[in-house]
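Each chain, written out:
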Amino acid sequence: MLKLSQLYETSIQLLSVQNSYILSYILQQKSVKANLNIALSYYMIEKCNKNCYAKKNGRQIMRHLMSPLDFSVEELDKLLDLANDIEAHPEKYAHKCDGKKLATCFYEPSTRTRLSFEAAMLNLGGSVLGFHSADSSSASKGESVSDTIRVISCYADICAMRHPKEGAPLVASEKSRIPVINAGDGGHQHPAQTLADLLTIRSIKGRLNNITIGFCGDLKFGRTVHSLINALIRYDNVRIVLISPEELKVPDYVRDDVLRANNIEFKEVEKLEDAMGELDVLYMTRVQKERFFNEEDYVRLKDFYILTKEKMELAKDDMIVLHPLPRVNEISVDVDDDPRACYFRQAQYAVYVRMALILTLLGLAED
Ligand code: NCD
């Protein structure tokens, strides 16, 4: 087993290879992938600690969003307050980004994330450009993300990037002249979704502390889960219940290095019914088909959890159900009418928080 310091080195070397094909080959080796994820998480935390400021010597510093830890808790509070103000007074913000452009560089499919980023920029008076698949970009000709972002930096003011390879948006941010937002990197992190999740919980429950949250489904590959856990442990008295089959448990770099290392109260259970009654928030997730190494495993696990009306009867009256979406089978459609089902509201909150994020990263939040 490599030492942590060697893992940093390895990950940085691999990332600076900047050739997506080589990186892809390396990342497909399972054990290397696990190590790389650990290394990436540590590297990001290191980097975030350095990056966690907006102004230095009175000068605005360019910032990216790679991990939810890129913002301090105080900064997150401000960002969520801004999102709530945008929700209440959208007209105040309609021209804040006049003349600004957002590039959406999506190397992986997306409906909500890409379109909500685009809607956010349009609501702010800006415009959007971009691509929605690797096939429709020069990645299909072998261009690296580093080269692509150098070029995009000439065309746009800010970029939201989704990539199937862990660490790709981070590589891009290191060569970028514009702020880069990680809109999902492989099975690693999805901080842009985390902001929407935090805003939804805070707006509906009125708090981010004193909650028991259950994460259910694919906790191994679910990047939204990894990012939200990282973000929530900074609030007081957050209890976490991890609900998954054995094969889809959270990776060690979340259980040991995030939960245990920070003395967070958590437990792991297999049956949703066993956890239901104690939860304030239930965060359902889809089994991440595209990250499985074989189809058989996916087919066996895909319907492991189905949240039904009957199971909802076991929950508190004020529990809320979240899901980053898309849903496949894991929430039965007859749960949608339950007032506790908040996943479509969550998709709406995503627009407000992305407007707040764009304003913050462009340094326009305080104008
Ligand atoms: C998630 C993602 O892409 O990780 N979706 C999203 O961004 N709203 C969840 C998923 O695809 O299952």
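Our subject is the structure that appears above.
Residues numbered from 1 in each chain as written. Predicted model: local features only at pLDDT ≥ 70, side-chain atom pairs only at ≥ 80, totals over all residues. Heavy atoms only, no water.

Peer 1: Tell me about the overall build of the protein, residues and numbers included.
Peer 2: A tally of regular secondary structure across the protein gives 14 helices and 11 strands. Within the span of the protein, comprising 367 residues, buried residues form 56% of the whole. Considering only residue pairs separated by 6 or more positions, the protein has 74% of its internal contacts joining residues 24 or more positions apart. Of the roughly 15,700 Å² that the protein leaves accessible, carbon and sulfur atoms contribute 48%. (Helix = DSSP H or I, 4+ residues; strand = E, 2+ residues; numbered from the N terminus. Buried < 20%, exposed > 50% of the residue type's maximum accessible area, 1.4 Å probe, protein only. Contact = heavy atoms within 4.5 Å. Areas by Shrake-Rupley, 256 points an atom, 1.4 Å probe, with all protein chains shown as cover.)

Peer 1: Run through the sheet that holds strand β5 (residues 158-163), naming residues and quoting values.
Peer 2: A sheet is described by the order of its strands in space; here 4 strands give the open sequence β4-β3-β5-β6, paired in parallel fashion. Two strands close off the open sheet at either side, each with one partner strand: β4 (127-131) and β6 (180-185). The mean angle between the axes of side-by-side strands here comes to 15°, regardless of whether they run parallel or antiparallel. Pairing geometry for strand β3 (residues 101-106) and β5, over 5 bridges, is parallel. (Pairing = 2+ DSSP bridges. Axes fitted to C-alpha atoms, helices over the stretch in contact; angles between N-to-C directions.)

Peer 1: Describe the sheet that holds strand β10 (residues 281-284), and please don't skip the residues or the numbers.
Peer 2: Ordered by their spatial adjacency, 5 strands build an open sheet running β9-β8-β7-β10-β11, and the pairing between neighbours is parallel. With partners counted over all chains shown, the strands left at the sheet margins are β9 (266-269) and β11 (320-322), one partner each. Recorded for the sheet is a direction-independent mean angle of 20° between the axes of neighbouring strands. Pairing of strand β7 (residues 211-216) with β10 involves 4 bridges; the strand directions are parallel. Across the sheet, the residue bridging to Cys216 is Met284, located in β10. Packed onto the sheet, helix α8 (residues 191-205) meets β7, β10 and β11 and runs at close to 165° relative to β11. Packed onto the sheet, helix α10 (residues 252-260) meets β8 (238-243) and β9 and runs at close to 155° relative to β9.

Peer 1: Before we move on, can you summarise the pattern of salt bridges with the specific residues and values?
Peer 2: Here the structure, examined in full by the defined rule, presents 24 salt bridges. Notably, a salt bridge pairs Arg114 with Glu118, separated by 3.4 Å at the nearest N-O pair. Of this pair, Arg114 and Glu118 both sit in helix α5 (residues 112-123), separated by 4 residues, roughly a single helical turn. Assessed through its relative accessible area of 18%, Arg114 is described here as buried. Classification of Glu118 by relative accessible area gives buried; the value is 15%. (Salt bridge = Lys/Arg side-chain N within 4 Å of Asp/Glu carboxyl O.)

Peer 1: Just give me the short version of the site of the ligand, but keep the residues and values in it.
Peer 2: Taken together, the neighbourhood of the ligand is formed by Thr113, Arg162, His190, Gln193, Arg223, Thr224, Arg286, Gln288, Pro324, Leu325 and Pro326. Here Arg223 contributes a side-chain N or O atom positioned 2.7 Å from an oxygen atom of the ligand. In the environment of the ligand, a nitrogen atom lies 2.9 Å from a nitrogen or oxygen atom belonging to the backbone of Leu325. Within the complex, 94% of the 310 Å² of free accessible area of the ligand lies under protein. For the shell around the ligand, the residue count by class is 3 nonpolar, 5 polar and 3 charged. (Near = heavy atom within 4 Å. Polar contact = N/O pair within 3.5 Å; in protein donor to acceptor, adjacent residues only side chain to side chain. Nonpolar A, V, L, I, M, F, W, Y, C, P; charged D, E, K, R; others polar.)

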